[in-house]
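# Report on the structure
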Amino acid sequence: MSDPEKDTRIVQSGRRREWTLGAVNPAVVHASTVLFDTVAELREAGKHKDKTFYYGRRGSPTSYALCEAINDLEGGAGTVLYPSGLSAITAAILAFVKSGDHILVPDNAYDPTRSFCDTILPRFGIETSYYDPMIGAGIAADIRANTRVIMAESPGSITMEVPDIPAIAHAAHARGAVVIMDNTWATPFFFPALQLGADVSVMAATKYIGGHSDLMLGTATANAQHFRALHDFSGTMGYCVGPDDIYLALRGLRTLGVRLRQHHRNGLEMATWLQERPEVDRVLHPALPTCPGHEIWKRDFSGASGLFSVVLKEGSDQAVTAMLDGLRHFGMGFSWGGFESLILSYPNIARMRTATKWPGPGPILRLHIGLENMDDLKADLDEGFARFRALL
Ligand SMILES: *Cc1c(COP(=O)(O)O)cnc(C)c1O
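Residues numbered from 1 in each chain as written. Predicted model: local features only at pLDDT ≥ 70, side-chain atom pairs only at ≥ 80, totals over all residues. Heavy atoms only, no water.

Turning next to helix α9 (residues 227–237). Listed in full, the buried residues belonging to α9 are F227, L230, H231, F233 and S234. Of the surrounding secondary structure, the elements contacted by the buried residues of α9 are β1 (78–82), α5 (85–94), β6 (200–204) and β7 (218–222). Where α9 ends, the next residue or the one after it, G238, has phi of about 90 degrees, a positive value. (Buried < 20%, exposed > 50% of the residue type's maximum accessible area, 1.4 Å probe, protein only. Helix = DSSP H or I, 4+ residues; strand = E, 2+ residues; numbered from the N terminus. Contact = heavy atoms within 4.5 Å.)

Within the largest apolar cluster, 64 residues are counted, with the highest numbers of intra-cluster contacts made by L66, I150, W185, I209, L217, L253 and L256. With seven residues, helix α4 (residues 61–74) is the largest single contributor of residues to this core. If sequence neighbours within four positions are ignored, I150 has contacts with L104, Y131, I139, I143, I168, A172, A177, V178, V179 and I180. Residues A95, F116, V178 and I180 belong to the second largest nonpolar core, which totals 29 residues. (Core = buried A, V, L, I, M, F, W, Y, C linked by side-chain atoms within 4.5 Å.)

This part is about empty space enclosed by the protein. For the structure shown, the criterion picks out one cavity of 30 Å³ or more. What the largest cavity holds in volume is close to 40 Å³. Lining the largest cavity are L307, G333, S335, W336, L342, I343, L344, R366, L367 and H368. Looking at the lining of the largest cavity, the elements that each hand over two or more residues are β10 (342–346) and β11 (364–368). Taken together, the residues of the lining of the largest cavity break down into six nonpolar, three polar and one charged. (1 Å grid on protein atoms, 1.4 Å probe; cavity = no way out; pocket = protein on both sides within 12 Å on 5 of 7 lines; lining within 4 Å. Points joined across faces, edges and corners; volume = space filled by probe spheres on them. Nonpolar A, V, L, I, M, F, W, Y, C, P; charged D, E, K, R; others polar.)

Before going further, it helps to spend a moment on the site of the ligand. In the vicinity of the ligand, 14 residues are found, and the nearest of them are G85, L86, D182, T206 and K207. A distance of 2.6 Å separates a nitrogen atom of the ligand from a polar side-chain atom of D182. Applying the majority rule of atoms within 2 Å of the grid points places the ligand in the second largest pocket. Ranked by the residues each element gives to the shell around the ligand, the list is headed by α5, at three residues. For the shell around the ligand, the per-class residue count stands at six nonpolar, five polar and three charged. (Near = heavy atom within 4 Å. Polar contact = N/O pair within 3.5 Å; in protein donor to acceptor, adjacent residues only side chain to side chain. Sits in = over half its atoms within 2 Å of the grid points.)

Interpretation note: all reported values are geometric properties and have no functional meaning in isolation.
In structure tokens, the structure reads:
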């Protein structure tokens, strides 16, 4: 699907009349109990629990609409919704592993994904090892007889390396492993994960799908070979999402294309500006050559979102704190993907890596560039760098 086709799809998908009742947007259906007129009708519905409106936890016209729209954009066999991005990741992993299995996770994975692998999976006899995200086809050497899942994330969290997903998927499939990809950063709008080799594409819809920093939601979309296992596991575990959050996610999805293109433009403009700053050692933005995997980004992605990092040459915690505390246009806080700009500092990234060595030299700033005026944002950072330099 080309970008223009995607633009039409994200506007039109999931808008069946039976779900919208003729309005543009689907009905927001608040329901636990669904009533049936006769025993025969109830029994008939029970044969198609996920396709007919049967019980609130199993889905509603509101959730069917979002599942269909996301699935259409991903090009999958089916999509399941979860109450957060993290729960989508953990469910997708658990759907495919059993006691005695081994999984591979990139060293730059989203930190809560690591926590799950390090603290929950061992309780069920599942071992995790971490790999260098730039390993590419070399991952074949890390695959064991019991390796069941290979996780991938592109680009990786905070340090932004762009892995070779097709090469990793090729090696995984040769050995019968399932590739689960966290596609939160680019979304399928800029990176068609399933077409490039992932079996399951996971998103924190909390971020760019919602786009307004006001909801928590995760999605997992699988190809035909893996959807049944993902779907049945998730149904048995009881995951479901309230209709108001689903409605907000659908509303966000309709403008994903225009927002992402603007985040791309603003993010790249800011990354290029930061590259010239004397305080900055290098910019970790996939669209710039200083980011590991930049060539792979050029080959596989059709755009960049608004999230990237910069490595400073030096800087004490005190200097970074003085810079961040005084910012007027950048918020500080977790998550990203909304319309607003955010900044966080990571003084010690080396602590979060076990398979690779982080070269430094200084602290990392991670920025999400929102939809504000760029001159305002640059002036804000410029003043921040003055406060930073004063304490060096
Ligand atoms: C934020 C994030 C998640 C988790 O999403 P939540 O909705 O906050 O649970 C997962 N993966 C990545 C890469 C993220 O940035």
